[in-house]
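Given next are the chains, with one letter for each unit.
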Amino acid sequence: MESNFFTFIKPYITFIDGGHFFRKPFSWLYVVMAILSLLIPIVVLYRAVDGGVLDLPGKVVLVFVLFWIILAFAGWVGFQQWWDRRTKVGITSIEGDDFTATPAFSHFIQTLGEWIGTWLGLVGFGYALLSTIFLGNSGGYLTMQLGVPYLSSGPMAIITMPIYGFLIVVFSRFLSEQIRALASIANN
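Throughout this description, residue numbers start from 1 for each chain and increase along the sequence as written. Reporting in this predicted model follows two pLDDT cut-offs: at least 70 for local features of residues, and 80 or more for side-chain atom pairs to be given and counted; totals over whole chains, interfaces and linings ignore these cut-offs and use all residues. Think of the side-chain values as coming from all heavy atoms in the structure, minus any hydrogens and water.

Visitor: So what exactly am I meant to see when it comes to the overall build of the protein chain here?
Guide: Helix and strand counts for the protein chain stand at seven helices and zero strands. Sequence-ordered secondary structure for the protein chain, helices as α and strands as β, is α-α-α-α-α-α-α. In terms of C-alpha radius of gyration, the protein chain reaches 22 Å, well past the compact-globule figure of 16 Å for 188 residues. Projected onto the principal axes, the alpha-carbon positions of the protein chain cover approximately 80 × 35 × 20 Å. Sorting the 188 residues of the protein chain into buried and exposed places 37% on the buried side. By definition, residues are in contact when any of their heavy atoms lie within 4.5 Å. Sequence separation of 24 or more characterises 81% of the internal contacts of the protein chain that already satisfy a separation of 6 or more. Only the protein chains shown count as cover for residues, and all accessible areas are computed by the Shrake-Rupley method using a 1.4 Å probe. With the model as given, the accessible surface of the protein chain reaches about 10900 Å², and the carbon-plus-sulfur share is 73%. For the charge count, each Lys or Arg is scored as positive and each Asp or Glu as negative, with His and the chain ends excluded. Charge coordinates come from a single atom per side chain, which is NZ of Lys, CZ of Arg, CG of Asp or CD of Glu. Treating the 10 positive side-chain charges of the protein chain as one cloud and the 10 negative ones as another, the clouds have centres 7 Å apart. Helix and strand definitions follow DSSP, with helices as H or I runs of at least four residues and strands as E runs of at least two, each counted in order from the N terminus. When we talk radius of gyration, it's over C-alpha atoms, and the globule rule is simply 2.2 Å times the number of residues to the 0.38. Each residue's exposure class comes from its accessible area (1.4 Å probe, protein chains only) as a fraction of the maximum for that residue type: buried when under 20%, exposed when over 50%, partly exposed otherwise.

Structure, rendered in structure tokens:
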């Protein structure tokens, strides 16, 4: 019963079982996330201009411009993270492994956590520092204008934002390594 009628989907099943079915779309997702990293500063700039941030007092505009430079830098760093990792997700498993989706998903968790943690560390610290220096107690006003209430100002935020970012990177790396270890044990 090895006729084409019963085996015509065999190449598709082999494609799934070999892991390409999972790794290739994840690499596409990484490209989308890289582009998204570049678009975030542009969207924030558009929303800020549309929301009237440039009509606010000079020191608020100065903080926004400096903050946007930090945001654009964080966007570029995030782009590079996703762009670099898009090639590495393709080698998360090898032909013949029984578990191919788990390592690819684990790699995504790791990269997502590194991206969020790095972004929060850079942008959170930058905003906290700039708003504390230039705006003092009214630093929260700009976050309301920008629509990003999770950013805060003050000496405590200057200290905690990089720590939060670091902890997110560590936790996502730990979680992904645990998942990958289980898949590795299962594959061996």
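Visitor: Teacher, can you tell me more about the packing of aromatic side chains here?
Guide: The relation between two aromatic rings is expressed through the spacing of the ring centres and the mutual angle of the planes. The pairing test for Phe, Tyr and Trp rings, Trp by its six-membered ring, is centres within 6.5 Å, and the orientation test on the planes gives stacked under 30 degrees, edge-to-face over 60, and tilted for anything in between. Per the counting criterion, the structure on display carries eight aromatic pairs. With centroids separated by 5.9 Å and ring planes inclined at 65°, the aromatic side chains of Trp 82 and Trp 115 adopt a geometry described as edge-to-face. Of this pair, Trp 82 sits in helix α4 (residues 58-88) while Trp 115 sits in helix α5 (residues 101-134); the two residues are 33 residues apart in sequence, bridging distant segments of the chain. On the basis of relative accessibility, which here comes to 11%, the residue Trp 115 falls in the buried class. Joined through ring pairs, the aromatic side chains of Phe 26, Tyr 30, Trp 82, Phe 108 and Trp 115 make up one cluster.

Visitor: Would you mind showing me how to read the side chain of Ser 37 here?
Guide: By the secondary structure assignment, Ser 37 is in helix α3 (residues 20-50). Owing to a relative accessible area of 1%, Ser 37 belongs among the buried residues under this scheme. The definition of a polar contact used here is a pair of N or O atoms within 3.5 Å, where within protein one atom must be able to donate a hydrogen and the other to accept one, and adjacent residues in sequence count solely through side-chain atom pairs. At a separation of 2.9 Å, a polar atom in the side chain of Ser 37 contacts the side chain of Trp 115. With residues near it in sequence (within four places) discarded, Ser 37 still touches Gly 75, Gly 78, Phe 79, Trp 82 and Trp 115.

Visitor: Could you clarify how one ought to interpret the pattern of salt bridges in this entry?
Guide: It is possible for side chains of opposite charge to pair when their charged atoms get near one another. The rule for a salt bridge is simple: a side-chain nitrogen of Lys or Arg has to be within 4 Å of a carboxyl oxygen of Asp or Glu. The tally for this structure, following the rule as stated, stands at five salt bridges. The salt bridge partner of Arg 85 is Asp 84, with a shortest N-O separation of 3.8 Å. Asp 84 sits in the partly exposed class, given a relative accessible area of 36%. The partner of Arg 173 in a salt bridge is Glu 114, with the nearest N and O atoms 3.2 Å apart. One end of the pair, Arg 173, is in helix α7 (residues 155-187); the other, Glu 114, is in helix α5, with 59 residues separating them in the sequence. A network of salt bridges, in which partner residues are shared, links Asp 84, Arg 85, Lys 88, Glu 114, Arg 173 and Glu 177.

Visitor: I tried to follow the environment of Gly 121 on my own but got confused; where do I start?
Guide: Mapped onto the elements of the fold, Gly 121 is located in helix α5. For Gly 121, a relative accessible area of 15% translates into the label buried. Each C-alpha atom of the pair Gly 121 and Thr 87 lies 25 Å from the other, and the pair is 34 residues apart in sequence. Those residues in contact with Gly 121 that sit more than four places away from it in its chain are Met 161, Pro 162 and Gly 165.

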